[in-house]
Amino acid sequence: MGKEGRVSVGIVGASGYGGVQLVRLLMDHPEVELVYLGGDSSAGKSFADIYPHLAHRVAQPIESVDPEAIAARCEVVFLSLPNGFACDMAPQLVDKGCKVLDLSADYRFSDLETYQIWYGKQRQDIAVATKAVYGLPELYRDRIAESQLIGCPGCYPTASLLALAPLLKQGLIVPETAIVDAKSGTSGGGRQAKTGLLLAEADNSFAAYGVARHRHTPEIEQVCSDLAGHQVLVQFTPHLVPMVRGILATVYATLRDPGLVREDLITIYRAFYRNCPWVTICDSGIYPQTKWACGSNLCYIGIETDPRTGRVIVLSAIDNLIKGQAGQAIQCLNIMMGWDESLGLPKLGFYP
Ligand SMILES: NC(=O)C1=CN([C@@H]2O[C@H](COP(=O)(O)OP(=O)(O)OC[C@H]3O[C@@H](n4cnc5c(N)ncnc54)[C@H](OP(=O)(O)O)[C@@H]3O)[C@@H](O)[C@H]2O)C=CC1
Ligand SMILES: CC(=O)N[C@@H](CCC(=O)OP(=O)(O)O)C(=O)O
């Protein structure tokens, strides 16, 4: 336990984009105390050296990573590391009784063979991985509440799946016709230097990448298959947009009943997400912008139908670093601890 009965929390990867969002949100969370911040190349520095704007609030150093020592200090551990690291660390933390929330892809897959094919790493932690729950609260809230290990969803899958879920769950579309056309800001690529994310490369440009082979495809398909009750393949194309934060996923699919109009679907979506404080269904004729969600944990969804083609078009906007990453992980923690799902999470975006 932390001070005043608060839950002691550690963040491994605190110097990264996900890490700093976790720090920013958790330092004001009423039920937790941040007791450990960990990193690799930043270990030994003060957190304030990397993020001086938080110096007045966070005096902690970034420490090296020793799972044994982390487990001795923390009841809850967030792992915000590149793919392939959490699976070497989580088994020890879980074994010592910590609740673990992994922001990477390591614990997102129920079938580890799929992970191995798409991420190229052989897994030794099969017993632990089978206990993990996919951390999309709007779909798996009850399972998250019971779990000790959460594989938090990717940013594109979060936006895409929240758009698709009501259609698939209620059999309103032909699942195989689903196409996800998604756009992300550059912070989706993390803080590590990458040539394609340099201002001179990304600015004034707008391009697709990972066409027909992005690693979020099998993650989206896993959940779509679960919702549809049979295996579903989805066409997913991501794009890099010259902006820092935000994802807009535009989803297309053929309606089973082409007579459905957008008002029908808005009613269906509002009923589906009635107990979900972080999903907002836009009014008829309103389509979301990424800036509305920027800085908040909200997912905005807009819906349209095209009677000419018989398709539904669903637009879903999130902040990739909040609902797509750190905010969603905290939402999962709230559920695991039996706290209000909205605790410590920003309700409003940065922009008017
Ligand atoms: N950015 C986004 O929008 C989203 C990212 N994710 C996922 O979240 C995870 C973190 O992403 P993001 O914050 O963007 O990544 P960053 O590249 O910004 O940060 C990575 C962090 O991992 C730390 N790290 C790297 N290697 C090691 C190691 N060997 N031991 C300990 N720490 C290490 C780095 O520490 P140091 O700086 O000290 O070297 C840094 O703190 C990734 O798996 C990513 O795929 C998920 C959803 C959205
Ligand atoms: C713009 C950009 O580079 N985006 C990243 C999204 C990565 C991400 O968020 O990874 P996980 O959600 O799988 O952890 C990419 O396409 O790889």
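All values derive from a computational prediction rather than experimental measurement.

The next point concerns the site of ligand 1. By nearness alone, 29 residues border ligand 1, and Ser15, Gly18, Ser41, Ser42 and Leu81 come closest of all. Note that an oxygen atom of ligand 1 is positioned 2.9 Å from one of the side-chain N or O atoms of asparagine 320. If ligand 1 stood free it would expose 910 Å²; the protein chains cover 89% of that surface. If you list the elements that add at least two residues to the shell around ligand 1, you get helix H1 (17-26) and helix H13 (322-337). Split by residue class, the shell around ligand 1 holds 9 nonpolar, 17 polar and 3 charged. When we break the shell around ligand 1 down by domain, the ones giving at least three residues each are domain 1 (3-131) and domain 2 (156-321).

Let us look at the environment of glutamate 176. Relative to the helices and strands, glutamate 176 resides in the loop between helix H8 (155-169) and strand E7 (179-184). Spatially, the C-alpha atoms of glutamate 176 and glycine 18 are 33 Å apart, while their sequence positions differ by 158 residues. In contact with glutamate 176, not counting residues within four places along its chain, are His230, Gln231, Val232 and Leu233. In terms of polar contacts, glutamate 176 uses its side chain to reach the side chain of histidine 230, at 3.2 Å.

One open sheet accounts for 6 strands, arranged E2-E1-E3-E4-E6-E5; its pairing is parallel. With one partner strand each, in any of the chains shown, strand E2 (32-38) and strand E5 (133-134) form the two edges of the open sheet. For strand E4 (residues 99-102) and strand E6 (residues 149-151), the ladder comprises 3 bridges, and the chain directions are parallel. Directly across from aspartate 102, in E6, lies its bridge partner glycine 151. Contacts from H1 reach strand E1 (7-12), E2 and strand E3 (76-79) within the one sheet, and its direction differs from that of E1 by about 160 degrees. Each of E1, E2, E3, E4 and E6 is contacted by H13, which is oriented at about 155 degrees to E4, the strand it contacts most.

What follows is about the UniProt feature "active site" (unreviewed entry) in the protein. The residues that UniProt annotates with the feature "active site" (unreviewed entry) are Cys155. With respect to the helices, strands and loops of the structure, cysteine 155 is situated in helix H8. By relative accessible area, cysteine 155 is classed as buried at 13%. Not counting chain neighbours up to four residues away, the residues in contact with cysteine 155 comprise His216, Ile247, Ile318, Asn320 and Gly324.

A few words on the domain arrangement of the protein. The domains assigned to the protein are domain 1 (3-131) and domain 2 (156-321). Distance between the C-alpha centres of domain 1 and domain 2: 27 Å. Listed per partner, the contact involves 15 residues of domain 1 and 14 residues of domain 2. Counting each side, the surface lost to burial between domain 1 and domain 2 is near 1200 Å², with a carbon and sulfur contribution of 57%. Taken as a group, Tyr17, Arg108 and Trp118 account for 48% of the area that domain 1 buries against domain 2, more than any other trio of residues on that side. The tally of links from domain 1 across to domain 2 stands at 1 salt bridge. The salt bridge involving glutamate 219 is made with arginine 108; its shortest N-O contact spans 2.9 Å. Here domain 1 is connected to domain 2 by 4 residue pairs in polar contact (both at pLDDT 80 or more). When contributions to the side of domain 1 that touches domain 2 are tallied by element, the ones reaching two or more residues are H1 and helix H5 (112-119).

With that out of the way, let us pick up the nonpolar core. It is characteristic of soluble globular proteins that their nonpolar side chains tend to be buried jointly. If you look at the biggest cluster of nonpolar residues, it comprises 88 residues, and the most contacted ones within it are Phe47, Phe78, Tyr273 and Ile301. With 10 residues, the top contributor of residues to this core is H8. Not counting chain neighbours up to four residues away, the residues in contact with isoleucine 301 comprise Leu162, Ala163, Tyr269, Tyr273, Val279, Thr280, Ile281, Cys282, Pro288, Val314, Leu315 and Ser316.

Time to look at the side chain of aspartate 102. The residue aspartate 102 is located in strand E4 in this model. We note that aspartate 102 is buried and unpaired, the nearest opposite charge coming from arginine 108 at a distance of 6.6 Å. Engagement of the side chain of aspartate 102 in a polar contact is seen with the side chain of serine 104, the distance being 2.9 Å.

Near ligand 2 you find 14 residues, and of these Arg108, Tyr209, His214, Arg215 and His216 are the closest. Between ligand 2 and the protein, one listed contact pairs an oxygen atom with a side-chain N or O atom of arginine 108 at 2.8 Å. Here an oxygen atom of ligand 2 and a side-chain polar atom of histidine 216 are 2.4 Å apart. The fraction of the free accessible surface of ligand 2 (430 Å²) that becomes covered by protein chains is 83%. Here the residues of the shell around ligand 2 are counted per class, giving 5 nonpolar, 7 polar and 2 charged.

This part covers the sheet that holds strand E13 (residues 311-318). Within the open sheet, the 7 strands sit side by side as E8-E9-E7-E10-E13-E12-E11. Their pairing is mixed. Each of the sheet's edge strands pairs with one partner strand only, and the pair in question is strand E8 (207-208) and strand E11 (279-281). Relative to E13, strand E12 (residues 299-306) is paired through 7 bridges, and the arrangement is antiparallel. Bridge assignment links glycine 302 to a residue of E13, and that residue is leucine 315.

Rules and cut-offs
- Residues numbered from 1 in each chain as written.
- Chains lettered and ligands numbered in written order.
- Predicted model: local features only at pLDDT ≥ 70, side-chain atom pairs only at ≥ 80, totals over all residues.
- Heavy atoms only, no water.
- Near = heavy atom within 4 Å.
- Polar contact = N/O pair within 3.5 Å; in protein donor to acceptor, adjacent residues only side chain to side chain.
- Areas by Shrake-Rupley, 256 points an atom, 1.4 Å probe, with all protein chains shown as cover.
- Helix = DSSP H or I, 4+ residues; strand = E, 2+ residues; numbered from the N terminus.
- Nonpolar A, V, L, I, M, F, W, Y, C, P; charged D, E, K, R; others polar.
- Domains from an automatic or database assignment.
- Contact = heavy atoms within 4.5 Å.
- Pairing = 2+ DSSP bridges.
- Axes fitted to C-alpha atoms, helices over the stretch in contact; angles between N-to-C directions.
- UniProt positions renumbered as here; feature names shortened; annotations may be inferred.
- Buried < 20%, exposed > 50% of the residue type's maximum accessible area, 1.4 Å probe, protein only.
- Buried area = accessible area lost by both parts, 1.4 Å probe.
- Salt bridge = Lys/Arg side-chain N within 4 Å of Asp/Glu carboxyl O.
- Core = buried A, V, L, I, M, F, W, Y, C linked by side-chain atoms within 4.5 Å.
- Lys, Arg positive; Asp, Glu negative; His and termini not counted.

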